[in-house]
Each structure stands twice: as structure tokens, then as C-alpha cells.
Amino acid sequence: MIVRLSNFLKSAEKKFIAFLALVITVLALLNVVTRALNNALFWVDELLIYTMIWMVLIGSSVMVREKSGIATTFFVEFLGNRLQKLLAHLVDAVILAFSVVLVILCWNWYDLPTLIKFDFDTQQFASSTFNFIYQEPTTTLGLSKFWIWLVVPMISVTLSVHSVANILESLQNTKVESQQ
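Bear in mind the structure is a predicted one, so any value in this text is a computation, not a measurement.

**Quick notes on the side chain of Asn166**
With respect to the helices and strands, the residue Asn166 is situated in helix α7 (residues 151-179). Residues within four places of Asn166 in sequence aside, it is in contact with Val64, Arg65, Lys67 and Asp92.

**Focus: the nonpolar core**
Formed by Ile17, Leu20, Tyr50, Trp54, Ile58, Val62, Val64, Ile148, Val151, Ile155 and Leu159, the largest nonpolar core amounts to 11 residues. Elements with a contribution of two residues or more to this core: α1 (2-36), α2 (42-66) and α7. Here this core gets 5 residues from one element, more than from any other, and that element is α2. Excluding anything up to four places from it in sequence, Val64 contacts Ile95, Leu159, His162 and Asn166.

**Comments concerning the pattern of salt bridges**
Using the criterion set out here, one finds 6 salt bridges in the structure. With a closest N to O distance of 2.7 Å, Glu66 and Lys14 form a salt bridge. Taken as a pair, Glu66 in helix α2 and Lys14 in helix α1 lie far apart in primary sequence, 52 residues in all. Across the pair Lys67 and Asp92 runs a salt bridge whose closest N-O atoms are separated by 3.1 Å. Placement of the pair is Lys67 in the loop between α2 and α3 (81-110) and Asp92 in helix α3, with a sequence separation of 25 residues. Salt bridges sharing common partners tie together Lys10, Lys14 and Glu66.

**Considering α1**
Here α1 contains 35 residues, and its C-alpha end-to-end distance of 50 Å stays within 8% of the 51 Å for a straight helix at 1.5 Å per residue. At the exit of α1 stands Asn38, carrying a positive phi of roughly 55°.

**Brief notes about the packing of aromatic side chains**
What the rule picks out here adds up to 9 aromatic pairs. Ring centres of Phe16 and Trp54 lie 6.4 Å apart, and the angle between their planes is 65°; on these two criteria the pair is classed as edge-to-face. Of this pair, Phe16 sits in helix α1 while Trp54 sits in helix α2, and the two are 38 residues apart along the sequence. In this structure Phe16 comes out as partly exposed when scored by relative accessible area, which is 32%. Grouping aromatic residues by their ring pairs yields a cluster made of Trp109, Tyr110, Phe125, Tyr134, Phe146, Trp147 and Trp149.

**Description of helix α5 (residues 122-129)**
Between a side-chain oxygen at the N-terminus of α5 and the backbone nitrogen of Gln123 the separation is 3.1 Å; the capping residue is Asp121. Phi turns positive, to about 60°, at Phe130, one or two residues after α5.

**Considerations on the environment of Phe132**
Examined against the element boundaries, Phe132 turns out to sit in the loop between α5 and α6 (145-149). On the basis of relative accessibility, which here comes to 48%, the residue Phe132 falls in the partly exposed class. For the pair Phe132 and Phe42, spaced 90 residues apart in sequence, the C-alpha separation works out to 25 Å.

About the cut-offs
Residues numbered from 1 in each chain as written. Predicted model: local features only at pLDDT ≥ 70, side-chain atom pairs only at ≥ 80, totals over all residues. Heavy atoms only, no water. Helix = DSSP H or I, 4+ residues; strand = E, 2+ residues; numbered from the N terminus. Contact = heavy atoms within 4.5 Å. Core = buried A, V, L, I, M, F, W, Y, C linked by side-chain atoms within 4.5 Å. Buried < 20%, exposed > 50% of the residue type's maximum accessible area, 1.4 Å probe, protein only. Salt bridge = Lys/Arg side-chain N within 4 Å of Asp/Glu carboxyl O. Expected span 1.5 Å × (residues − 1). Phe/Tyr/Trp six-rings, centres within 6.5 Å; stacked < 30°, edge-to-face > 60°. Polar contact = N/O pair within 3.5 Å; in protein donor to acceptor, adjacent residues only side chain to side chain.

Any link to function would need more than the numbers given here.
As C-alpha cells, this is what we get:
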């Protein structure tokens, strides 16, 4: 079930990345045209940067699932087959540990229980917790930055699902190979 969920998330992430690539293209073209007409829209620059950040972070989640990240294999190639598999399991476990820690940090950062306790009054939340996540606006867009930063908790969850799926698949492949 986790593997199917991971594959579904990966598919959705890839579609969203394609959409973000289209948005980036349109924003970049809009930026070029408005600057050429001496009527620059400065919010376009900021939105372009945030869109690229979202695309990179979501893309990193897909890369984890596909195990297509950049890797140094020089050392690994000298190891035996058994040690290579052990090292691959270790890498998957480290990614899972990182993603779980990131989920916990995001939970503490957004602190939804306390925000709910204050009836979503962000001013009271900030003055009581000294957590200004809901207070800081973007420079030109005027949005609260927590909307932009939502990609971090989202990616921490998808990374967790993908890393668990990778571990389950690796263990299944190891089990099948040992039976042969």
C-alpha cells in the first residue's frame, strides 16, 4: 500500500513539476516583455524565485523515489554485492531519518495546535510563542510567507513516504534474491 501511495505521489509530483515549469516559462517571458517595455513588474521576480524553489524541492522528492540523485559510486564499486546492498539500505534509512526529523521540525515550526488554541489569531500566536511564521509577508507579493514555506512540510511528508517505499522495495528485492 505504501509503495502504491508513493507511486501515486510521484506521479502527481511529476505533473505538478511540469505545471511549475510552464509557470516559470510564462513568468520569465512576462518579465522580459515588461522590462523591455520599461514597465517592470517586480512581483514577477519574486514569484519566479518561489516557483523555482518549489520545483526544485518537489523534484528532489521525485529523485528520492526514483533513486536518481547524483551519487559517487567510485568507492561503492570496489565493495562486494552484499556490502553494496547494505550501503543502499543505509542510504535509504538515512533519508528516512532525515525526512522524519524534518516532519517533526515542521510540526513544531507551524505549531498548528497552538494556532488553533488562539482561534487562528496570528497576532496573539506570535506574541505568545515568539514564532512569527504567520506574520512575515513576502517582499512584493504581499502574501504571508508561510504559504510559500508550505512546500517544506509537504516535501518532508512525501520524502518520508518515498523513503519507506524504497526501503520496502529494497527489502523485498533482497528477500527474493536470497530465495533464488
